Amino acid sequence: MIATPQPPQLVQITLSAEELKSKQISSHNLQKAIEALHRDGACAIVNAIDPAHLDKMNTRMVKEAQILYDNPNTHRNFGSRTGNIQQEPVVEPEYVFDDVVANPWAIAVTECMLGPNPHMRFYSANTAFKADSRQPVHVDVDFDFPKIPFGFCINVNLIDTSPENGATEIWLGSHTDCDQDTTAENGETGVRKDLREKRRKISPPLQSSLPKGSLIIRDFRLWHAGMPNQTDDPRVMLVTIHFPAWYRSNQKFFLPKSMQGKINWGRLVPCVEWVDEDYDYLQGRHDHDFSLLP
């Protein structure tokens, strides 16, 4: 009797008490993460962040999200019907946590994929309000990128996530199929339909339910899509992006000068533009350029 193939699943890693205490990932879990990233382009660590830190951030960011959502000038990701807005994280010292911006277990994983001292060049968020429309399947890069792993997004949802509240749709393994021709000529329509249907037969997309305190490490090249939040509670998702030390980019993120020396970056190199205390972080920026410089 031929066994029925099981649908692909996101690899989920649970840190042991010893790993949590030492802030060192075990060789077995590190191997599991690296294998998943090479094969699938994504993996999750389900207990990497203190839920109390996320609760504090969520209380503040949901209030700010409503202000942004009510402002017609706020950037909407793939149009207003998706209910998804771009939102910058709070950068006041009491809202910036090491396990969120410089998670030691995530850094250990990305360092194995990218080489020593990965550079963090991005810290932002997006928030999904109740909506009935999804984003197109897309890739975050549309330039002539290296044909090796060159960037990893670390996504952190501030609450439990499930398909009901818009857990991100991911296409495991699609990072190895990605090149400049993956996206249709009209970038707003996302990945070409013929490529989507071909990959669907190999590895259909999925939405994983994850508990609060999880993080997802995702290859920058992986196909994905924001999905409708069907609940009345906004779902905030943070993102930092790690690049290898050799990657030629001038992209930086912003933190107030009061945060200098306050964050334990570990082996992560923060590419920060330190700004004055009156910097209005809620304004945000949408002119990011991650392309590889000549």
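Residues numbered from 1 in each chain as written. Predicted model: local features only at pLDDT ≥ 70, side-chain atom pairs only at ≥ 80, totals over all residues. Heavy atoms only, no water.

Asks: Help me understand the side chain of Asp 99, please; the structure alone is not making it clear to me.
Replies: With respect to the element layout, Asp 99 can be found in helix H4 (residues 98-101). The buried charged residue Asp 99 lacks any salt bridge, with Lys 23 as its nearest oppositely charged partner at 7.8 Å. (Helix = DSSP H or I, 4+ residues; strand = E, 2+ residues; numbered from the N terminus. Buried < 20%, exposed > 50% of the residue type's maximum accessible area, 1.4 Å probe, protein only. Lys, Arg positive; Asp, Glu negative; His and termini not counted. Salt bridge = Lys/Arg side-chain N within 4 Å of Asp/Glu carboxyl O.)

Asks: What's the story with the environment of Glu 277 in this structure? I'm lost.
Replies: Looking at where Glu 277 falls in the secondary structure, it is placed in the segment after strand E13 (272-275). You can call Glu 277 exposed: its relative accessible area is 52%. In this structure, the C-alpha to C-alpha distance between Glu 277 and His 28, residues 249 residues apart in sequence, is 43 Å. Glu 277 has contacts with Pro 256, Lys 257 and Ser 258, leaving out every residue within four places of it along the chain. There is a polar contact of 3.4 Å between the side chain of Glu 277 and the backbone nitrogen of Lys 257. Looking at Glu 277, its side chain comes within polar contact range of the main-chain nitrogen of Ser 258, at 3.0 Å. (Contact = heavy atoms within 4.5 Å. Polar contact = N/O pair within 3.5 Å; in protein donor to acceptor, adjacent residues only side chain to side chain.)

Asks: When you look at the sheet that holds strand E7 (residues 206-207) in this model, what are you seeing that I'm missing?
Replies: Neighbouring strands of a sheet are bound in pairs by backbone hydrogen bonds; such pairs are parallel or else antiparallel. Read from one edge of the open sheet, 3 strands run E7-E6-E9, paired in antiparallel fashion. Since the sheet does not close on itself, it has two edges, and those belong to E7 and strand E9 (224-225), each with one partner. Two strands pair when backbone bridges link them, and strand E6 (residues 169-170) and E9 are joined in this way by 2 bridges, in the antiparallel orientation. By the bridge assignment for E9, Ile 170 is matched with His 224. (Pairing = 2+ DSSP bridges.)

Asks: It is not clear to me how the pattern of salt bridges should be interpreted in this structure. Could you clarify?
Replies: Once their charged atoms are close, side chains differing in charge can pair, the charge on each being opposite to the other. Under the definition given, this model contains 15 salt bridges. We note a salt bridge from Asp 40 to Arg 39, for which the minimum N-O separation is 3.0 Å. Asp 40 sits in the buried class, given a relative accessible area of 9%. Taking the relative accessible area as the measure of exposure, Arg 39 reaches 49% and is therefore partly exposed. Among the charged side chains, a salt-bridge network with shared partners connects Arg 60, Glu 64 and Glu 92.

Asks: Explain helix H5 (residues 104-114) to me, please; I cannot follow it from the model alone.
Replies: A turn of α-helix holds 3.6 residues, and therefore any two residues three or four places apart point the same way. Within H5, 9 of the 11 residues are buried, which leaves the element mostly enclosed by the surrounding structure. Residues of H5 that are buried include every one of Trp 105, Ala 106, Ile 107, Ala 108, Val 109, Thr 110, Glu 111, Met 113 and Leu 114, and no others. Along its buried surface, H5 packs onto helix H1 (17-22), helix H2 (27-39), strand E2 (42-45), strand E5 (152-157), strand E8 (215-219) and strand E10 (235-243). At the N-terminal boundary of H5, the capping side chain belongs to Asn 103, with an oxygen 3.2 Å from the backbone nitrogen of Trp 105. Just downstream of H5 lies Gly 115, where phi reads positive at about 105 degrees.

Asks: Looking at this structure, I do not really get unusual backbone geometry. What am I missing?
Replies: Note: most peptide bonds trans; most residues except glycine with negative phi. In this model, Phe 78 sits at a positive phi of 60 degrees, which is unusual for a non-glycine residue. Structurally, Phe 78 can be placed in the loop between helix H3 (51-69) and strand E3 (84-87). Positioned with a positive phi, Asn 117 is a non-glycine residue whose angle comes to about 55 degrees. Here Asn 117 is to be found in the loop between H5 and strand E4 (119-128). With a relative accessible area of 35%, Asn 117 lands in the partly exposed category.

Asks: Explain the nonpolar core to me, please; I cannot follow it from the model alone.
Replies: In summary, soluble globular proteins display a tendency toward joint burial of nonpolar side chains. Within the largest apolar cluster, 49 residues are counted, with the highest numbers of intra-cluster contacts made by Val 100, Leu 215, Ile 217, Leu 238 and Trp 265. No other element matches H5, which puts 7 residues into this core. With near-sequence residues (within four places) excluded, Leu 215 lies in contact with Cys 43, Ala 44, Ile 45, Ala 48, Ile 49, Asn 103, Ala 106, Ile 154, Asn 155 and Val 156. If you look at the next biggest cluster of nonpolar residues, it comprises 18 residues, including Phe 145, Trp 223, Phe 243 and Phe 290. (Core = buried A, V, L, I, M, F, W, Y, C linked by side-chain atoms within 4.5 Å.)

Asks: I'm lost on H2 in this one. Help?
Replies: Taking 1.5 Å per residue, 13 residues should reach 18 Å; H2 reaches 18 Å between its end C-alpha atoms and fits that length. Residues Asn 29, Leu 30, Ala 33, Ala 36 and Leu 37 constitute the buried set of H2. Along the axis of H2, the buried residues cluster in a sector spanning 130 degrees; they form a single face. Across H2 from its buried face, at more than 90 degrees, point the exposed residues Ser 27 and His 28. In this fold, the buried residues of H2 make contact with strand E1 (12-13), H1, E2, H5, E5 and E8. Once H2 ends, the next one or two residues include Gly 41, with phi positive near 85 degrees. (Expected span 1.5 Å × (residues − 1). Arc of directions from axis to C-beta.)

Structural measurements only, silent on function.
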